[in-house]
Amino acid sequence: MRRAVSQRYRRCIASALAALWLVAALAGCGRQDDVVELKMAHALSATHPVHRAMLYMAERLEHHSGGTMRLEVYAGGQLGSERELIELLQIGSIAMTKVSTSPLEGFVPEMKIFNVPYLFRDEAHYYAVLDSEIGEQLLLAPQRVRLRGLGWYDAGSRSFYTVTKPIEAPGDLAGLKIRVQESQAALQMVTSFGAAPTPIAFGEIYTALQQGVVDGAENNPPSYYLSGHYEVAKYYTLDEHTTVPDILLISQYVWERLEPEQREWLQQAVDESVAYQRELWREETEVALAAVEAAGARVIRPDKEAFAGQVNGIHALFDGTAVGELIERIRAFH
């Protein structure tokens, strides 16, 4: 009951903010004294490296624009869940957001590509694809739903963590309830391991783990650490099944109202923020793994080939589709 009330409350808040900010957006992205103010929101904590990179983006935007553009960043899901933030962008109620590509699948099916397990050979391959024509194509794919991608933030590789028992081999997942994002491909992947996928909002995972609603979840090391999930789910298995980036989105409505020079300033600030965030991510991943081990969590480094072999069949599910074509292009990319 508490969860249902919480979700209804958040929707009411989001709707109220949408109504208020739509007026500001229609007036010109929140212009005050010839200063363009862009509102950006995301669901992660203010201590997360993603948030720190956004604050850096705000600094660079103010610098490049000579103080004529400002970016206001709202952290911690203050303005809604990732799906709600996407919807607010579509009507121009807020200017920008950062979301995982997983909830974007419901709007842009091509984003399923990132939840295809064991697709990238290594980190270098992953970065090269994001920075290539393939990555650019995927950034622009949301335009048909009134969104525009500006850049990719690293969100590392996702791995399983559990409450009552360690996952040392794929068979250990059988029968467990595992929290996943709202992603059809993620649901298929977890099902392939014999587990029961359970979509739950990020902000509700801690309580779900604590109360036994789910037996485990999956995420990258910084999120596992900064969310405090290691306090209740002390087994972290670095199987690194998927590499799902975050995408920086702007409302197409807001983008079209910016002057060409303003778009250049914003894109430059985004590009600098992306480079900065990648460095932060590497550092935070090492810090996170060391910190959770120091706090008593057990970090397991399994045979990843065994996990990859368990989910090979998922690739074939996309044969003859746009995602299947992307899989082949990525596999062949050097």
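Below, the structure is looked at part by part. Note that the coordinates shown come from a computational prediction; the quantities given were computed from them, not determined experimentally.

1. Quick notes on helix α6 (residues 133-140)
Note that an α-helix has 3.6 residues per turn; residues three or four places apart therefore point the same way.
So, step 1. Turning to α6, its buried residues number three or more, namely Ile 134, Gly 135, Leu 138 and Leu 139. Buried residues of α6 fall within an arc of 140 degrees about the axis and therefore sit on the same side.
So, step 2. Residues of α6 that are buried make contact with α5 (123-130), β5 (147-153), β11 (246-251) and α14 (322-332).

2. A short note on the pairing of strand β7 (residues 177-180)
So, step 1. Across four bridges, the pairing between β7 and strand β8 (residues 196-199) is parallel. Considered in β8, the bridge of Lys 177 is made with Ala 196.
So, step 2. Remark: the β7/helix α7 (residues 184-192)/β8 crossover connection has right-handed handedness.

3. Points about the packing of aromatic side chains
So, step 1. Per the stated rule, a full pass over the model turns up 12 aromatic pairs.
So, step 2. Ring plane angle 35 degrees and centroid distance 5.6 Å describe the contact between Tyr 126 and Tyr 127, whose orientation is recorded as tilted. In terms of burial, Tyr 126 and Tyr 127 fall into one category: buried.
So, step 3. A centroid spacing of 5.7 Å and a plane angle of 40 degrees characterise the contact between Tyr 225 and Tyr 230, whose relative ring orientation is tilted.
So, step 4. Tyr 230 gets classed as buried once you look at its relative accessible area, which sits at 15%.
So, step 5. Among the aromatic residues, those joined into a cluster by ring pairs are Phe 114, Phe 120, Tyr 126, Tyr 127 and Trp 152.

4. A few points about the environment of Leu 249
So, step 1. Turning to its location among the elements, Leu 249 is positioned in strand β11.
So, step 2. In this structure, the C-alpha to C-alpha distance between Leu 249 and Lys 98, residues 151 residues apart in sequence, is 6.2 Å.
So, step 3. When neighbours within four sequence positions are excluded, Leu 249 is seen to be in contact with Leu 89, Ala 95, Met 96, Thr 97, Val 99, Leu 104, Pro 142, Leu 147, Arg 148 and Gly 149.

5. With respect to helix α11 (residues 260-294)
So, step 1. The end-to-end C-alpha separation of α11 is 50 Å, in line with the 51 Å expected for 35 residues at 1.5 Å each.
So, step 2. A positive backbone phi angle near 105 degrees is found at Gly 296, which sits one or two residues after α11.

6. Describing the pattern of salt bridges
So, step 1. Within this structure, the stated rule accounts for 14 salt bridges.
So, step 2. With its nearest N and O atoms 3.5 Å apart, the salt bridge here joins Arg 83 to Glu 87. Residue Arg 83 and its partner Glu 87 are located together in helix α3 (residues 82-90), separated by four residues, close to a single helical turn.
So, step 3. The closest approach of N and O atoms between Glu 123 and Arg 282, which form a salt bridge, is 3.6 Å. Of this pair, Glu 123 sits in helix α5 while Arg 282 sits in helix α11, and the two are 159 residues apart along the sequence.
So, step 4. Overall, Glu 123 belongs to the partly exposed group, its relative accessible area being 43%.
So, step 5. Judged by relative accessible area, which is 32%, Arg 282 ranks as partly exposed.
So, step 6. What emerges from the salt-bridge pattern is a single network uniting Glu 82, Lys 98 and Asp 246.

7. Details of the nonpolar core
So, step 1. Counting residues in each nonpolar core, the largest one holds 52 residues, and the members touching the most others are Leu 104, Ile 113 and Phe 114.
So, step 2. Going through the elements one at a time, α3, α5, α6, β5, β7, α7, β11 and α14 are the ones with two or more residues in this core.
So, step 3. In this structure Leu 104 touches Ile 86, Met 111, Pro 142, Leu 147, Ile 247 and Leu 249, once residues within four positions along its chain are discounted.
So, step 4. Judged by nonpolar contacts, the second largest core, of 27 residues, contains Val 50, Ala 53, Ala 58 and Tyr 153.

8. Overview of the packing of helix α2 (residues 49-64) against α11
So, step 1. Where α2 meets α11, the axes come as close as 8 Å, and the angle between the chain directions of the two elements is 150 degrees. Looking at the two axes, α2 sits roughly antiparallel to α11. Every pair of crossing elements has a handedness; the one defined by α2 and α11 is right-handed. Every residue of α11 that contacts α2 at Pro 49, Val 50, Arg 52, Ala 53, Met 54, Tyr 56, Met 57, Arg 60, Leu 61 and His 64 is listed here: Trp 265, Leu 266, Gln 268, Ala 269, Val 270, Glu 272, Ser 273, Tyr 276, Gln 277, Leu 280, Trp 281 and Glu 284.
So, step 2. For the contact of α2 with α11, the residue count by class is 14 nonpolar, four polar and four charged.

9. A word on the packing of α6 against α14
Angle between the axes and distance between the axes: these two values describe a pair of packed helices.
So, step 1. Two elements in contact, α6 and α14, have axes separated by 11 Å at closest approach and are oriented at 150 degrees. Between α6 and α14, the angle is such that the two are roughly antiparallel. Seen from α6, the contacting residues are Ile 134, Gln 137 and Leu 138; seen from α14, they are Leu 326, Arg 329 and Ile 330.
So, step 2. Tallied by class, residues from the contact of α6 with α14 come to four nonpolar, one polar and one charged.

About the thresholds
Residues numbered from 1 in each chain as written. Predicted model: local features only at pLDDT ≥ 70, side-chain atom pairs only at ≥ 80, totals over all residues. Heavy atoms only, no water. Buried < 20%, exposed > 50% of the residue type's maximum accessible area, 1.4 Å probe, protein only. Helix = DSSP H or I, 4+ residues; strand = E, 2+ residues; numbered from the N terminus. Arc of directions from axis to C-beta. Contact = heavy atoms within 4.5 Å. Pairing = 2+ DSSP bridges. Right-handed = clockwise from strand over helix to strand, strands pointing away. Phe/Tyr/Trp six-rings, centres within 6.5 Å; stacked < 30°, edge-to-face > 60°. Expected span 1.5 Å × (residues − 1). Salt bridge = Lys/Arg side-chain N within 4 Å of Asp/Glu carboxyl O. Core = buried A, V, L, I, M, F, W, Y, C linked by side-chain atoms within 4.5 Å. Axes fitted to C-alpha atoms, helices over the stretch in contact; angles between N-to-C directions. Parallel < 35°, antiparallel > 145°, perpendicular 65-115°, else oblique. Left-handed = near helix turned anticlockwise from the far one by under 90°. Nonpolar A, V, L, I, M, F, W, Y, C, P; charged D, E, K, R; others polar.

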